[in-house]
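# Overview (structure and organization)
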Amino acid sequence: MKPCTELKNLVETGVYYITEALLMRYRTLHIILLIFIAPFLAIAIDTASLRKAIVTTATKYVGVPYMYGASSPTAFDCSGFVGYVYREAAAITLPRSSRQIWAIGLAIPLAKAQPGDILVFDTSGGFPSHVALLIDKNQMVHAVSQGPRTGVMISSLNDSYFGPRLIGVRSFISDNSAQNSVAQKPENSSPAQEPVKNEIPVDTISFAITNEVLIYTDKIPAQVGSGVQFVVRNETGKDGIFEILFYKMDLDPAKSKTIRQDRVSIKAGASVEIDPIILTETGQYKLILKTSSNLKRVERVWKVVGTK
């Protein structure tokens with residue numbers, strides 16, 4: 001066999017001698033490598049596209065208002081927003097609550113988190129209560145109920161309120177099967193951590209008991225059929241026993257009805273989770289908290305509206 005023309009000079013000096021057979025062997029090796037590598041390249045491309053779609057979908061809802069228990073393009077709560085975006089952008093079904101997202105998702109370090117992964121926060125003192133979508137190493141998009149501005153917004157990861165309350169990152173995007181995935185529970189999770197079918201969305205609302213009277217009307221409505229769970233912190237400086245009453249209000253006070261009455265003991269500086277209230281009717285609701293000596297310390301009113 002004669003050497004390749006373009007390498008004639010090198011061949012004559014005895015440096016190289018490339019035959020057609022040798023070239024064929026290299027071409028064959030190249031094809032074999034492509035056959036094995038191509039699927040992995042396709043998965044990487046699909047995953048990157050999926051993450052981009054999640055972020056693009058999420059950011060188009062910036063400005064949509066917050067509503068407790070909502071998960072539609074007209075209003076969201078935090079987990080409702082994350083779940084809606086994942087369904088629309090990636091056909092991935094997530095658990096409905098921040099706690100379930102924390103329990104079911106794959107834990108990853110923040111340093112290894114990628115766009116579209118879910119940031120989980122403790123905003124209530126002791127458990128996961130808020131979720132957001134990572135945009136990049138510096139930003140997140142989420143539905144916010146705290147602060148002077150509420151609704152879907154983009155925030156810095158170093159936000160003065162949310163930054164210190166980040167407790168971890170959860171991922172539901174598998175590099176092995178990016179499309180049409182469904183959230184799976186970790187191997188070490190208990191049966192109680194399984195996603196609940198037709199899970200009722202429950203929003204967590206925190207407030208503190210002090211030695212002053214707090215009267216508050218919530219500007220954010222709740223969606224009928226959802227639930228609210230209050231987390232009460234005792235900041236009076238001493239242990240106490242408190243009465244908590246829930247009312248469904250009426251224009252005629254005589255027609256107002258008591259939904260539930262709880263009696264709780266809370267140590268100074270500690271917090272207690274009250275069982276959720278499921279809001280089955282539209283209208284005005286009121287929570288009243290009193291001390292054991294019948295002194296009112298908290299009055300909170302919120303509105304329940306129908307679905308659009």
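Residues numbered from 1 in each chain as written. Predicted model: local features only at pLDDT ≥ 70, side-chain atom pairs only at ≥ 80, totals over all residues. Heavy atoms only, no water.

## Some points on the overall build of the protein chain
We apply this condition: Secondary structure follows DSSP: runs of H or I at least 4 residues long count as helices, runs of E at least 2 residues long count as strands, and numbering of each begins at the N terminus. In what follows, residue pairs with any heavy atoms lying within 4.5 Å of each other are defined as contacts. The Shrake-Rupley method, run with a 1.4 Å probe sphere, supplies the accessible areas, and residue values consider only the shown protein chains as cover.
Check the secondary structure of the protein chain and you find 4 helices and 18 strands. Taking all contacts inside the protein chain whose residues are at least 6 apart in sequence as the whole, residues at least 24 apart take part in 64%. About 17100 Å² of surface is accessible on the protein chain, with carbon and sulfur atoms providing 56% of the total.

## A look at the confidence of the model for the protein chain
We count it as follows: Every residue carries a pLDDT, the predictor's confidence in it, which falls somewhere between 0 and 100.
On average, residues of the protein chain score 84 in pLDDT, and 77% of them are at 70 or above. Across residues 1-18, confidence stays below pLDDT 50; counting only partners more than four residues off in sequence or on other chains, it has 15 contacts. The low-confidence segment residues 37-44, where pLDDT is below 50, has 3 contacts with residues more than four positions distant or belonging to other chains.

## Describing the pattern of salt bridges
Close approach of charged atoms allows side chains of opposite charge to pair. The criterion, for reference: What makes a salt bridge here is a side-chain nitrogen of Lys or Arg within 4 Å of a carboxyl oxygen of Asp or Glu, nothing more. To sort residues, take the accessible area from a 1.4 Å probe on protein chains only and compare it with the maximum for the residue type: under 20% means buried, over 50% means exposed, and anything in between is partly exposed.
Taken as a whole, this structure holds 11 salt bridges when the rule is applied. The closest approach of N and O atoms between K286 and E299, which form a salt bridge, is 3.8 Å. Of this pair, K286 sits in strand 17 (residues 283-291) while E299 sits in strand 18 (residues 296-305), placing them 13 residues apart in sequence. Note on accessibility: K286 and E299 belong to one class, buried. For E299, the salt bridge identified is with K296, shortest N-O distance 2.7 Å. For E299, a relative accessible area of 14% corresponds to the buried category. Members of the salt-bridge network, linked through shared partners, are K286, K296 and E299.

## Remarks on the packing of aromatic side chains
The cut-off we apply is this: Stacked, tilted and edge-to-face pairs are distinguished by plane angle, under 30 degrees for stacked and over 60 for edge-to-face with tilted covering the rest, among Phe, Tyr and Trp rings (Trp via its six-membered ring) whose centres lie within 6.5 Å. Placement of a charge over a ring requires the Lys NZ or Arg CZ to be within 6 Å of the ring centre, with the centre-to-atom vector within 35 degrees of the ring normal.
Taken as a whole, this structure holds 11 aromatic pairs when the rule is applied. Summarising the aromatic geometry, the rings of F76 and F81 are spaced 5.3 Å apart at their centres and angled 70° between planes, so their arrangement reads as edge-to-face. Relative accessible area serves as the criterion here: at 0%, F76 is assigned to the buried category. Among the aromatic residues, ring-to-ring pairing joins F207, F230, F246, Y285 and W302 into one connected group. Of note, R99 hangs over the ring of F127, and the distance from its end group to the ring centre comes to 3.8 Å. The ring of W102 has R170 lying over it, and the distance from NZ or CZ to the ring centre is 3.7 Å.

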